[in-house]
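Take a look at the letters that make up each chain.
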2 protein chains.
Amino acid sequence: MFINSPKPPYYAAIFTSELKTGVNDDYSEMAEEMAALAEKQPGYLGIDSVRDADGLGITISYWQSEEDILQWKQNARHKVAQKLGLTQWYKTFSLRICKVERDRFFPNAK
Amino acid sequence: MFINSPKPPYYAAIFTSELKTGVNDDYSEMAEEMAALAEKQPGYLGIDSVRDADGLGITISYWQSEEDILQWKQNARHKVAQKLGLTQWYKTFSLRICKVERDRFFPNAK
């Protein structure tokens, strides 16, 4: 879980999606590749990603600025992944770009 | 999946959490009660919630204003749930309050 974020404000890209049934290994490989590639981009802060057994998923990537998110969107390999997502993998998805204004962490709830 | 949000700006409360192992039915009942109660609060827009088999979860509730989120935080029954979460259910959690600046929806990806 992404806990050590810097002090707000920073940015979040909320990607909510529903996978088609029977999506193959290509999807998992690309998801791993994109997570590794995102880490190398300027302004990348961290990521949280959860998908349940029904194929519903939320992935939130955190960035220093909105400009960093726009640059990541334009990454050539990421664009290939976006196109495959749109045409092959997702039934439905949404993307929201947000400014994180406040945060609070409880790393060791008792 | 929450798709029909109004035009930005609006607000998101991102709650990321890791459940303790062996958490009982009380948790599921309270989670359902809170989802139903949140719907009745002023400014509530919608919710997306995913938890995987390892107990990692992301719940994002959407609101018209930051004030709506503050009011929901102060709800008496919600405060009971918050305390139980802190003391009994969660290993770790974080809360981020965000202003949604842009969004895009693909309700019928092909």
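Residues numbered from 1 in each chain as written. Chains lettered and ligands numbered in written order. Predicted model: local features only at pLDDT ≥ 70, side-chain atom pairs only at ≥ 80, totals over all residues. Heavy atoms only, no water.

Q: What exactly am I supposed to notice about the relation of the copies chain B and chain A here?
A: One copy of the chain maps onto the other through a rotation about an axis followed by a shift along the same axis. Overlay of chain B on chain A (RMSD 0.0 Å): rotation 180°, translation along the axis 0.0 Å. Taken together, the rotation and translation describe the operation of a two-fold axis. The overlap is high: 100% of the interface residues of chain B also sit at the interface in chain A, so the same surface is used on both sides. (Least-squares fit on C-alpha atoms with pLDDT ≥ 70 in both. Contact = heavy atoms within 4.5 Å.)

Q: Explain unusual backbone geometry here, please?
A: What you tend to see is this: most non-glycine residues have negative phi, and most peptide bonds are trans. In this model, Pro8(A) is joined to Pro9(A) through a cis peptide bond whose omega is 0°. Secondary-structure assignment places Pro9(A) in the segment before β1 (10-19). (Helix = DSSP H or I, 4+ residues; strand = E, 2+ residues; numbered from the N terminus.)

Q: Can you walk me through the packing of helix α1 (residues 25-39) of chain B against helix α3 (residues 76-89) of chain B in this structure?
A: Helix packing geometry: the angle between the two helix axes and the distance between the axes. Residues and elements named next belong to chain B. Here α1 crosses α3 at 150°, and the two axes come no closer than 11 Å. Between α1 and α3, the angle is such that the two are roughly antiparallel. Of the two elements, α1 crosses α3, and the hand of that crossing is left-handed. For the pair α1 and α3, the contacting residues are Asp26, Tyr27, Met30, Glu33, Met34 and Leu37 in the first and Arg77, His78, Val80, Ala81, Leu84 and Trp89 in the second. A breakdown of the residues in the contact of α1 with α3 according to their chemical character gives 8 nonpolar, 1 polar and 3 charged. (Axes fitted to C-alpha atoms, helices over the stretch in contact; angles between N-to-C directions. Parallel < 35°, antiparallel > 145°, perpendicular 65-115°, else oblique. Left-handed = near helix turned anticlockwise from the far one by under 90°. Nonpolar A, V, L, I, M, F, W, Y, C, P; charged D, E, K, R; others polar.)

Q: Looking at this structure, I do not really get the interface of chain B and chain A. What am I missing?
A: The accessible area lost on association of the parts is a frequent measure of interface size. With 47 residues of chain B at the contact, the number on the chain A side is 47 residues. The largest per-residue losses of area from chain B upon contact with chain A belong to Met1(B), Arg96(B) and Arg102(B), which jointly make up 19% of the total buried on that side. Joining chain B to chain A, the criterion identifies 2 salt bridges. One salt bridge in this structure joins Arg102(A) and Glu66(B), with 3.1 Å as the shortest N-O distance. The tally of links between chain B and chain A comes to 22 residue pairs in polar contact (both at pLDDT 80 or more). Counting only elements with at least two residues in the side of chain B that touches chain A, the list comes to β1 (10-19), β2 (44-51), β3 (56-63), α2 (66-74), α3 and β4 (90-106) of chain B. (Buried area = accessible area lost by both parts, 1.4 Å probe. Salt bridge = Lys/Arg side-chain N within 4 Å of Asp/Glu carboxyl O. Polar contact = N/O pair within 3.5 Å; in protein donor to acceptor, adjacent residues only side chain to side chain.)

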